[in-house]
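Listed below are the residues making up each chain.
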Amino acid sequence: MIIPAILSGGSGTRLWPLSRALYPKQFVRLLDGNGSNLLGATLDRLALSDTFKAPIIVCNDEHRFLVREEVQRSGIEPQCIILEPVARNTAAAVTVAALAAEQHSPDAVLAVMPADHMVADEKRFVEAIHAAARVAETGKIVLLGITPSGANTGYGYIRQGAPLAGSVGGYTVDDFREKPDRETAEAYVTSGSYFWNSGLFVFRASVFLDEVQRLAPSVFEAASLALEKASEDLGFMRLDRTAFANAPNISVDYAVIEKTGAAAMLPLDAGWSDVGSWSSLWEVQPRDERENAVQGDAMLLDTSGCYVHSERSLVATIGVRNLVIVETSDALLVADKAQSQDVSKLVTLLRRSNRKEGDQHLRCHRPW
């Protein structure tokens, strides 16, 4: 049996102005205004296999009721919904989830799933999780790697090593490389030996916790104390604020995965996307004969390769190429699609200049 650990604490700043601090991308209906959001799709995916036990969900305290709405809609009863009182990146979040799982089952196998990713072939996804769980039973921390479709500079890269002994399709990990420049990314893709790091992990809780305790003891100590002193609040598990705030603000990749000798990699071929930028959203959208993806009211003349999203106004374009144009009730973004990874830098500038992201806009995306 596999316990899904769903991480729903991301802010999705690269999809501003649709994704906001109080209403990040996992709650936004990005592909279809009437369809499921990414968290809902992640929950629905769990119903495809009876080997998935009740999930553990870790989320930002400010998003707790949005998470509960999606849980109720999905009909899935989680093992617990753990509230992070402050953001501390993924190392602390995954450690808390592993500790909670181990309390229920000492031999628990966890499948860590970010709540804000998209999967086109859900059957293959479930099959890959099962295969990774079999490898994890041997004491490995298994990463699901994605065959690159291009030189994306927004992803970390995993270098594939030798095949694992006795494993069908599993490999050792030779190296990790974080978000390279374009020239380096192109060399990785050309080599054929690098995979994108999907942020999906499968492991025995006990194995992962031993590695956290050894490689990132301050993360382990803070997460353990925060969970030990947690309180129940209206069906949520609220972590102790003081203890959790002492956890280092570090990703699980930097804290554990890139240092452990237990890492293994399994390729995932299921039409995965982290929908982490406007260019990646354009890639998974239906497009017209001129490669334009359009949502809302738009009129395009001599326009190609563009992503256009309009919420209330007509967006008209003439003679433009490869742009991202996103119009909301309180903001307008126009960007070169090739630089869409830099939208998060714009959000940082907004915050530093004391200009709000415009969270009043979140009402436009609510399903009511």
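Conventions used here
- Residues numbered from 1 in each chain as written.
- Predicted model: local features only at pLDDT ≥ 70, side-chain atom pairs only at ≥ 80, totals over all residues.
- Heavy atoms only, no water.
- 1 Å grid on protein atoms, 1.4 Å probe; cavity = no way out; pocket = protein on both sides within 12 Å on 5 of 7 lines; lining within 4 Å.
- Points joined across faces, edges and corners; volume = space filled by probe spheres on them.
- Nonpolar A, V, L, I, M, F, W, Y, C, P; charged D, E, K, R; others polar.
- Helix = DSSP H or I, 4+ residues; strand = E, 2+ residues; numbered from the N terminus.
- Axes fitted to C-alpha atoms, helices over the stretch in contact; angles between N-to-C directions.
- Parallel < 35°, antiparallel > 145°, perpendicular 65-115°, else oblique.
- Left-handed = near helix turned anticlockwise from the far one by under 90°.
- Contact = heavy atoms within 4.5 Å.
- pLDDT = per-residue confidence, 0-100.
- Salt bridge = Lys/Arg side-chain N within 4 Å of Asp/Glu carboxyl O.
- Core = buried A, V, L, I, M, F, W, Y, C linked by side-chain atoms within 4.5 Å.
- Buried < 20%, exposed > 50% of the residue type's maximum accessible area, 1.4 Å probe, protein only.

**Digging into empty space enclosed by the protein**
Here is step 1 of the chain: For the coordinates displayed, the defined rule picks out one cavity of 30 Å³ or more.
Here is step 2 of the chain: There is about 40 Å³ of room inside the largest cavity.
Here is step 3 of the chain: As for the largest cavity, its lining consists of Thr42, Arg45, Met113, Pro114, His117, Val119, Phe125, Leu200 and Trp272.
Here is step 4 of the chain: Across the lining of the largest cavity, the residue classes break down as six nonpolar, two polar and one charged.

**Examining the layout of surface pockets**
Here is step 1 of the chain: As a volume, the largest pocket reaches approximately 1,600 Å³.
Here is step 2 of the chain: The set of elements that each furnish at least two residues to the lining of the largest pocket consists of strand 1 (2-8), strand 2 (56-60), helix 3 (89-104), strand 9 (194-204), helix 9 (252-257) and helix 11 (343-352).
Here is step 3 of the chain: Across the lining of the largest pocket, the residue classes break down as 15 nonpolar, 24 polar and 11 charged.
Here is step 4 of the chain: Its boundaries defined by the atoms lining it, the second largest pocket holds a volume of some 330 Å³.
Here is step 5 of the chain: Contributing to the lining of the second largest pocket are 18 residues, with Ala151, Asn152, Arg182, Ser279 and Ala338 lying nearest its centre.
Here is step 6 of the chain: A total of three residues in the lining of the second largest pocket trace back to one element, the largest contributor, which is helix 10 (residues 278-284).
Here is step 7 of the chain: Across the lining of the second largest pocket, the residue classes break down as three nonpolar, 10 polar and five charged.

**Regarding the packing of helix 3 against helix 7 (residues 217-228)**
Here is step 1 of the chain: Two elements in contact, helix 3 and helix 7, have axes whose closest approach is 9 Å; the angle formed by their N-to-C orientations is 55 degrees. Accordingly, the angle class assigned to the pair helix 3 and helix 7 is oblique. Every pair of crossing elements has a handedness; the one defined by helix 3 and helix 7 is right-handed. In this structure, helix 3 contributes Ala91, Ala92, Thr95, Val96, Leu99, Ala100 and Gln103 to the contact, and helix 7 contributes Val219, Phe220, Ala223, Ser224 and Leu227.
Here is step 2 of the chain: The class makeup of the residues in the contact of helix 3 with helix 7 is nine nonpolar, three polar and no charged.

**Topic: the confidence of the model for the chain**
Here is step 1 of the chain: For the chain, mean pLDDT is 90; residues scoring 70 or higher make up 95% of the total.
Here is step 2 of the chain: Confidence drops under pLDDT 50 across residues 359-368; counting only partners more than four residues distant or on other chains, this segment forms 25 contacts.

**So, the pattern of salt bridges**
Side chains bearing opposite charge may pair, as long as their charged atoms lie close to each other.
Here is step 1 of the chain: Per the counting criterion, the structure on display carries 21 salt bridges.
Here is step 2 of the chain: Counted as one network, the salt bridges with shared partners bring together Arg29, Asp44, Glu70 and Arg73.

**Quick word on the nonpolar core**
Here is step 1 of the chain: Core analysis: the largest hydrophobic core is formed by 70 residues, its most contacted members being Phe125, Val202, Leu268 and Trp278.
Here is step 2 of the chain: Among the elements that make up this core, the one with the highest residue count is helix 4 (residues 122-136) (nine residues).
Here is step 3 of the chain: Excluding residues that lie within four positions of it along the chain, Phe125 makes contacts with Arg45, Met113, Val119, Leu200, Leu268 and Ala270.
Here is step 4 of the chain: Grouped together as the second largest cluster of nonpolar side chains are 53 residues, Ala5, Leu7, Ala91 and Val256 included.

**Notes on the environment of Ala120**
Here is step 1 of the chain: For Ala120, the position within the fold is in the loop between strand 5 (118-119) and helix 4.
Here is step 2 of the chain: A C-alpha to C-alpha distance of 4.7 Å links Ala120 and Gly271, two positions 151 residues apart in sequence.

**Brief notes about the packing of helix 6 (residues 205-215) against helix 7**
Here is step 1 of the chain: As a packed pair, helix 6 and helix 7 sit with axes 5 Å apart at the nearest point and diverge in direction by 120 degrees. On the basis of the axis angle, helix 6 is oblique to helix 7. Listed contacts from helix 7 to Leu209, Val212, Gln213, Arg214 and Leu215 of helix 6 are Pro217, Val219 and Phe220.
Here is step 2 of the chain: Partitioned by chemical class, the residues of the contact of helix 6 with helix 7 number six nonpolar, one polar and one charged.

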